[in-house]
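Given next are the chains, with one letter for each unit.
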Protein chains: 2
Amino acid sequence: MTAPWKALLQQALASNTSPTSQWPTLATITHDYKPRVRTIVFRGFIGDTTTSSDTDRVRWEDMLVFTTDARSAKVREIVANGSGELCWYFPETREQFRLAGTVRVVLPPHHTMRIHEADMPNSGIDWEELRKHHFHNLSPGARSQFLWPNPKQTRADTSGWVQAINDQDTQAISEALKNFSLLVFEVQGIDRLELREHPNRRMIMEKEGESWRVTEINP
Amino acid sequence: MTAPWKALLQQALASNTSPTSQWPTLATITHDYKPRVRTIVFRGFIGDTTTSSDTDRVRWEDMLVFTTDARSAKVREIVANGSGELCWYFPETREQFRLAGTVRVVLPPHHTMRIHEADMPNSGIDWEELRKHHFHNLSPGARSQFLWPNPKQTRADTSGWVQAINDQDTQAISEALKNFSLLVFEVQGIDRLELREHPNRRMIMEKEGESWRVTEINP
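1. What about the layout of surface pockets?
Here is step 1 of the chain: Here the second largest pocket is characterised by a volume of approximately 1,200 Å³.
Here is step 2 of the chain: Lining the second largest pocket we find 39 residues, and of these Leu 193, Leu 195 and Asn 200 of chain A together with Val 41 and Gln 145 of chain B sit closest to its centre.
Here is step 3 of the chain: Mapped by element, the contributors of at least two residues to the lining of the second largest pocket are strand E6 (95-106) and strand E7 (180-194) of chain A together with strand E2 (35-39), strand E3 (42-45), strand E4 (64-69), helix H4 (73-80) and helix H6 (140-144) of chain B.

Below is the structure:
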């Protein structure tokens, strides 16, 4: 059964034309239980770019993909605690989606934070192929940040910083791929608020085994 | 000493004209350590509407104010754990502010979740006056939601729901004020990312006693 929230979210993404409508915020928790939240860029569903031979296909193909740097604080936080919530506001259709779930990090092979080579659950998905696919989808300018000095250290002299990585820069691509990582978000519950009508409409969708329970609630 | 982040945030608020630029997301933590994040509406700084006679004036006047319903899940979460982070993206100036700090709830007097009448720290600020000020600042339509049935319960028949509370509806105002509450956010650390330049600029500001330490860092 396809998740009922997916069609609603796809419809919102198609109806809201501002680029910022592809940018939800992601909340996670630090090792000492402080909340953290930052804007991230939605890169699509797993099912947009890959197919799985697994019987659990729908579950995997509905997961949301974001890109990040293995050196970022959020990767360390997520490796330690994978609980997350996404908040997505769509200004043109006046809807808010809150998606609670689990975040996983697709790190480069042999990265020290990988516990073992098979730390992503068996899914029939080639994670390394998916990681490279999303790196190549980035603009040359966006790729370059994966070669910049370590995030959050005192700002280094920028004169030597790479500004773009083009398709033919195989050495730079190989180096950048040592930091480039994916975040994969598995949705477990949705809280959707529609502000168009007054009184507002609100519904929750909760996963129960393989199906979803949809309840309309007071806003 | 005025906090150095305040002028930067005020400048961003003045330069970004879309109404959604007044709407950051707030991340908090549930009692069982799950992250939660939702869009909230910024209502100004405490110093915009009140003055304090306290010697600690600057600290209080720089706090950010948001409005909420005492019956909402976020109020229960914040009463149990006041750690919060705000994420604010300004699309016109391409800046992100992340503000880490402490959230406090200004509940109606005699509310059962108030531990005692003086649970807000001594500040020389009249919290009940501030609460009423912000209620009266809302539109008649926005005021009405504080009389709707309990949030998150199965949706009730909407035929009897109040749609507006006008200034002369003293009985309705009095009832709505039993639910209307404020969130007050005290900033302890800032992470500001500017995307206009490439490489991007990023700075952190951390409170150290009564002063702020500003560091430019790699993005």
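2. Brief notes about the relation of the copies chain B and chain A
Here is step 1 of the chain: The transform that puts chain B on chain A rotates by 180° and translates by 0.0 Å along the axis, for an RMSD of 0.0 Å. Both copies of the chain, as the preceding transformation shows, are related through a two-fold rotation axis.
Here is step 2 of the chain: A shared interface surface links the copies, since 100% of the contact residues of chain B are contact residues in chain A too.

3. Quick notes on the interface of chain B and chain A
Here is step 1 of the chain: In this complex, chain B contributes 48 residues to the contact, which on the side of chain A involves 48 residues.
Here is step 2 of the chain: Taking both partners together, chain B and chain A bury about 4,200 Å²; carbon and sulfur atoms supply 58% of that area.
Here is step 3 of the chain: Linking chain B with chain A are four salt bridges, by the criterion used here.
Here is step 4 of the chain: Here Arg 155 of chain A makes a salt bridge to Glu 216 of chain B, at a shortest N to O gap of 3.9 Å.
Here is step 5 of the chain: For the side of chain B that touches chain A, the secondary-structure elements that each account for two or more residues are strand E1 (25-29), E2, strand E5 (83-90), strand E6 (95-106), H6, strand E8 (201-208) and strand E9 (211-217) of chain B.
Here is step 6 of the chain: When residues in the side of chain B that touches chain A are grouped by element, the largest group, six residues, is from E5 of chain B.
Here is step 7 of the chain: Of the residues assigned to the side of chain B that touches chain A, the class counts are 19 nonpolar, 18 polar and 11 charged.

4. Points about the side chain of Asp 69 of chain A
All names here are of chain A.
Here is step 1 of the chain: If you trace the backbone, Asp 69 turns up in strand E4 (residues 64-69).
Here is step 2 of the chain: Of the residues examined, Asp 69 reaches a relative accessible area of 9% and is grouped as buried.
Here is step 3 of the chain: At 2.9 Å, the side chain of Asp 69 and the backbone nitrogen of Arg 71 are in polar contact.
Here is step 4 of the chain: Not counting residues up to four positions away in its chain, the partners in contact with Asp 69 are Val 75, Gln 145, Phe 146, Asn 179 and Ser 181.

Rules behind the numbers
Residues numbered from 1 in each chain as written. Chains lettered and ligands numbered in written order. Predicted model: local features only at pLDDT ≥ 70, side-chain atom pairs only at ≥ 80, totals over all residues. Heavy atoms only, no water. 1 Å grid on protein atoms, 1.4 Å probe; cavity = no way out; pocket = protein on both sides within 12 Å on 5 of 7 lines; lining within 4 Å. Points joined across faces, edges and corners; volume = space filled by probe spheres on them. Helix = DSSP H or I, 4+ residues; strand = E, 2+ residues; numbered from the N terminus. Least-squares fit on C-alpha atoms with pLDDT ≥ 70 in both. Contact = heavy atoms within 4.5 Å. Buried area = accessible area lost by both parts, 1.4 Å probe. Salt bridge = Lys/Arg side-chain N within 4 Å of Asp/Glu carboxyl O. Nonpolar A, V, L, I, M, F, W, Y, C, P; charged D, E, K, R; others polar. Buried < 20%, exposed > 50% of the residue type's maximum accessible area, 1.4 Å probe, protein only. Polar contact = N/O pair within 3.5 Å; in protein donor to acceptor, adjacent residues only side chain to side chain.

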